[in-house]
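Each chain, letter by letter, is given below.
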Amino acid sequence: MDLIDFIAREMPDDGELAALCASSIAGGRIRRMAACPFESRVFRKLLAAYAGSPEAPYGMDRVVLYHQVCDLFEALRQLPGNGDLKGYELKDSFLGGQEADLLMLLASHEGISQEALAHDVLRCSKNAVGERRARMKDGIRIGGMCIQAEFGYRGDFRSSVHPVSLPLNLSEAYVLFDALAEYSAERDPRDPHRKSAERIAGMLKAQMSPYAQEKLAPRLSEMGFGSLPQVPPCFTFDVPQEDGGGAGCEPDPGHWLYFLKSGVMAIVELVSGECLRGVVVPRAKAAGFLRERGIPQKDRRPYCVILHEDGDFTLASWSDVMDIRAAE
């Protein structure tokens, strides 16, 4: 039986396998392969070539392809003549170590047990997942990014890392710098939105080649980013970590965005020493919030808007904000 007929009969709903068989880079050879005896080595090479090509799926759809290939190998092993066929394992798969780490992070944004990561995502042993979990404590590199975080050794694995990789050309990098520079210029130096935009721009600059930095240097100066420091592309938590030690628990505008995006009750401390309890209104809603109440803005720079529990509110310039922390 041809492999393509076997897949159509036994796995008719596996869309990623169907896409592999129809691909220009591997489909022709695969359609000529037999299901038994199955040429595992040839198939693995064709799959690896396809998986690295632009035709292949992205993100978590790559996990779907990986799962469907694992299932295919298990189904083929049941055929007479394929008794020596080994299963398709993570360590020998097209995913590779870095991508497996990335998928582990993406799959755990809402919390997932070590057992579920092993059996339902990576299809490997619990020990293998535990080893990856331990390495993340020491620090791992994914595409030049450093991710070092303590996710614990037991219980659910929950990741707040959102790795983003952008294969930009120089014109696209220029547009991203320009947008971040314009966004930053309209905000107070202590506005957490500006701090975050400058950090993103610094991480972008740190990953550019000397050639690219030289080419963009005049444009960066015109944007106001001429002296922009490079920032190591390393993950940081967006809330202070009580066990992080050092500066991890000190006031940091980079942590304030957590309270704007989450809408939790907070304490806003001003430079005057006054502490205000309330919810910090997100930037996207702040302008409409003020407009509905007929309050004109004195300048283009956004205010920090604190909505109190009694429905009243306070406006403060971001330059007057000393710290924002969780309300007890």
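Here the structure is a predicted model, which means the values were calculated and not measured.

Structural notes on the packing of helix 4 (residues 40-51) against helix 5 (residues 61-77)
Point 1. Where helix 4 meets helix 5, the closest approach of the two axes is 13 Å, and the angle between their N-to-C directions is 170°. Between helix 4 and helix 5, the angle is such that the two are roughly antiparallel. Touching Ser40, Phe43, Arg44, Leu47, Tyr50 and Ala51 of helix 4 are Arg62, Leu65, Val69, Leu72 and Phe73, all from helix 5.
Point 2. Here the residues of the contact of helix 4 with helix 5 are counted per class, giving eight nonpolar, one polar and two charged.

Here we look at the packing of aromatic side chains
Aromatic ring pairs: the centre-centre distance and the angle between the two ring planes describe each pair.
Point 1. Across all of its chains, the model carries eight aromatic pairs by this definition.
Point 2. Ring geometry for Phe73 and Tyr88: centres 5.2 Å apart, planes at 45°, overall tilted. Pair noted here: Phe73 is in helix 5 and Tyr88 is in the loop between helix 5 and helix 6 (96-106), with a separation of 15 residues, a long-range link. For the pair Phe73 and Tyr88, one class covers both residues: buried.
Point 3. These aromatic residues form a ring-pair network of at least three members: Phe38, Phe43, Tyr66, Phe73 and Tyr88.
Point 4. Over the face of the ring belonging to Tyr183 we find Arg187, whose NZ or CZ atom lies 3.8 Å from the ring centre.
Point 5. Over the aromatic face of Phe289 sits the side chain of Arg293, whose NZ or CZ is 3.6 Å from the ring centroid.

So, the sheet that holds strand 4 (residues 275-280)
Strand pairing in a sheet takes place through backbone hydrogen bonds and is either antiparallel or parallel in direction.
Point 1. Strand order in the open sheet made by the five strands is 6-5-4-3-7, with antiparallel pairing throughout. What marks the edges here is a single partner per strand, and that holds for strand 6 (313-316) and strand 7 (321-326). Shown here is a sheet whose adjacent strand axes are inclined to one another by a mean of 45°, direction ignored.
Point 2. Alignment of strand 4 against strand 5 (residues 304-307), held across two bridges, turns out to be antiparallel. Paired with Val280 across the strands is Ile306, a residue of strand 5.
Point 3. Strands in contact with helix 12 (residues 253-262) are strand 3 (266-270), strand 4 and strand 7; relative to strand 7, the strand with the most contacts, it is inclined by about 55°.
Point 4. Each of strand 5 and strand 6 is contacted by helix 13 (residues 283-292), which is oriented at about 70° to strand 5, the strand it contacts most.

Some remarks on helix 9 (residues 170-185)
Point 1. Taking 1.5 Å as the rise per residue, helix 9 with 16 residues should run 22 Å; its terminal C-alpha atoms sit 22 Å apart, in good agreement.
Point 2. Taken together, the buried positions of helix 9 are Ala173, Phe177, Leu180, Ala181 and Ser184. Seen along its axis, helix 9 keeps its buried residues to an arc of 100°; they face one direction. Exposed side chains of helix 9 directed beyond 90 degrees from the buried face belong to Ser171, Val175 and Glu182.
Point 3. Buried residues belonging to helix 9 abut helix 10 (192-206) and helix 11 (210-223).
Point 4. One side-chain oxygen of the residue at the start of helix 9 lies 3.1 Å from the amide nitrogen of Ser171, identifying that residue as Asn169.

Structural notes on unusual backbone geometry
Point 1. Geometrically, the link from Cys36 to Pro37 is a cis peptide bond, its omega value of -5° lying close to zero.
Point 2. Along the polypeptide, Pro37 turns up in the loop between helix 3 (27-31) and helix 4.
Point 3. One non-glycine residue, Arg123, lies in positive phi territory at about 50°.
Point 4. With respect to the helices, strands and loops of the structure, Arg123 is situated in the loop between helix 7 (114-121) and helix 8 (126-138).

Re the side chain of Ser93
Point 1. Tracing the sequence through the fold places Ser93 in the loop between helix 5 and helix 6.
Point 2. Owing to a relative accessible area of 12%, Ser93 belongs among the buried residues under this scheme.
Point 3. At a separation of 2.9 Å, a polar atom in the side chain of Ser93 contacts the main-chain carbonyl oxygen of Leu90.
Point 4. Residue contacts for Ser93: discarding those within four places in its chain leaves Tyr66 and Tyr88.

The rules behind the values
Residues numbered from 1 in each chain as written. Predicted model: local features only at pLDDT ≥ 70, side-chain atom pairs only at ≥ 80, totals over all residues. Heavy atoms only, no water. Axes fitted to C-alpha atoms, helices over the stretch in contact; angles between N-to-C directions. Helix = DSSP H or I, 4+ residues; strand = E, 2+ residues; numbered from the N terminus. Parallel < 35°, antiparallel > 145°, perpendicular 65-115°, else oblique. Contact = heavy atoms within 4.5 Å. Nonpolar A, V, L, I, M, F, W, Y, C, P; charged D, E, K, R; others polar. Phe/Tyr/Trp six-rings, centres within 6.5 Å; stacked < 30°, edge-to-face > 60°. Buried < 20%, exposed > 50% of the residue type's maximum accessible area, 1.4 Å probe, protein only. Lys NZ or Arg CZ within 6 Å of the ring centre and 35° of its normal. Pairing = 2+ DSSP bridges. Expected span 1.5 Å × (residues − 1). Arc of directions from axis to C-beta. Polar contact = N/O pair within 3.5 Å; in protein donor to acceptor, adjacent residues only side chain to side chain.

Fair warning: the whole summary comes from geometry, so function is off the table for now.
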